[in-house]
Amino acid sequence: MRVLVVEDEPFMAEAIRDGLRLEAIAADVAGDGDTALELLSVNSYDIAVLDRDIPGPSGDEVAQSIVASGSGIPILMLTAADRLDDKESGFGLGADDYLTKPFELRELVLRLRALDRRRAHSRPPVREIAGLRLDPFRREVFRDGRYVALTRKQFAVLEVLVAAEGGVVSAEELLERAWDEHADPFTNAVRITVSALRKRLGEPWVIATVPGVGYRIEEEAGA
């Protein structure tokens, strides 16, 4: 999952970003409305977390832009205002959820995962392919009924590959979806992570390398 966090308090923004990364959720941060709109125009996000009171275009204006774009990105509003009228106006702008400051990071994570599940209503919450069973909410993976312990980054990479349903995913896309905007495009992190993931999943290999293109899940393992 990759989210955009729009928050103008640097310490809070960094704390949210670092906390989400520990939960295998890639997060980009924007400190103002202009930066948020720029990031939304060039990157693909699963969820937007918006502070309503930010410099430049407000969180409300950013929310309106997201809704108008037709992207369908769920919006979680953050605000210090807890009055019902404020929440009502936020939902009226197109917000899908609302979280009042201060909040526990764990609650934010749970709400993000719930939004991600609802966004993915067209596919089952638990995904299965080639003997793999991946539960995004419980962060569990099974191979032919055997539990496989994965690191956070390995899980994030596998989640992207499984969601592609056998389609090829480029190293660039994996870097974008499982890391974040600060990832070095020339890094070999993707190759190293995929190699380690293959070993964790065991033989016959279920992740195939398509030379010069990327990686995909083999429908028939070992093929």
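A brief look at the structure comes next. Note that the structure is predicted; figures quoted are calculated from it, not measured. (Residues numbered from 1 in each chain as written. Predicted model: local features only at pLDDT ≥ 70, side-chain atom pairs only at ≥ 80, totals over all residues. Heavy atoms only, no water.)

Quick look at the overall build of the protein chain
For the protein chain, the count of helices and strands is eight helices and 11 strands. Buried residues in the protein chain amount to 48% of all 223 residues. Once local pairs closer than 6 in sequence are excluded, the contacts in the protein chain between residues at least 24 apart make up 57%. Here the protein chain displays about 11100 Å² of accessible surface, and carbon together with sulfur accounts for 50% of that area. (Helix = DSSP H or I, 4+ residues; strand = E, 2+ residues; numbered from the N terminus. Buried < 20%, exposed > 50% of the residue type's maximum accessible area, 1.4 Å probe, protein only. Contact = heavy atoms within 4.5 Å. Areas by Shrake-Rupley, 256 points an atom, 1.4 Å probe, with all protein chains shown as cover.)

Things to note about the packing of helix 6 (residues 152–163) against helix 8 (residues 189–201)
Relative orientation of the contacting elements helix 6 and helix 8 amounts to 90 degrees, with a least axis distance of 10 Å. In terms of their interaxial angle, helix 6 and helix 8 are classed as roughly perpendicular. The segment helix 6 lies against helix 8, with Lys-153, Gln-154, Val-157 and Leu-158 engaging Thr-193, Val-194, Ala-196, Leu-197, Arg-200 and Leu-201. (Axes fitted to C-alpha atoms, helices over the stretch in contact; angles between N-to-C directions. Parallel < 35°, antiparallel > 145°, perpendicular 65-115°, else oblique.)

Observations regarding the sheet that holds strand 8 (residues 140–143)
What the four strands build is an open sheet, ordered 6-7-8-9; its pairing is antiparallel. The open sheet has two free edges, formed respectively by strand 6 (127–129) and strand 9 (146–147), since each of these has just one partner strand. Sheet topology places strand 7 (residues 132–135) next to strand 8; four bridges connect them, and they run antiparallel. Each residue of the ladder has a partner; that of Asp-135, found in strand 8, is Glu-140. The strands touched by helix 6 within the sheet are strand 6, strand 7 and strand 8, with strand 7 carrying the most contacts at an inclination of about 115 degrees. (Pairing = 2+ DSSP bridges.)

Considerations on the nonpolar core
In terms of nonpolar packing, the biggest core is built from 28 residues, with Leu-158, Leu-174, Leu-201, Ile-207 and Ile-217 touching the most fellow members. Broken down by secondary-structure element, the contributors of at least two residues to this core are strand 7, helix 6, helix 7 (171–178), helix 8 and strand 11 (214–217). In terms of residues, this core owes the most to one element, helix 6, which gives seven residues. The contacts of Ile-207, once residues within four sequence positions are left out, are Leu-161, Val-194, Leu-197, Arg-198, Leu-201, Tyr-215, Arg-216 and Ile-217. Formed by 19 residues, the second largest nonpolar core is a distinct cluster that contains Leu-50, Ile-73, Ile-75 and Met-77. (Core = buried A, V, L, I, M, F, W, Y, C linked by side-chain atoms within 4.5 Å.)

A look at the packing of aromatic side chains
According to the stated counting rule, one finds one aromatic pair in the structure shown. On the basis of an interplanar angle of 65 degrees and a centroid distance of 5.6 Å, the ring pair of Phe-142 and Tyr-147 is categorised as edge-to-face. Classification of Phe-142 by relative accessible area gives partly exposed; the value is 22%. (Phe/Tyr/Trp six-rings, centres within 6.5 Å; stacked < 30°, edge-to-face > 60°.)

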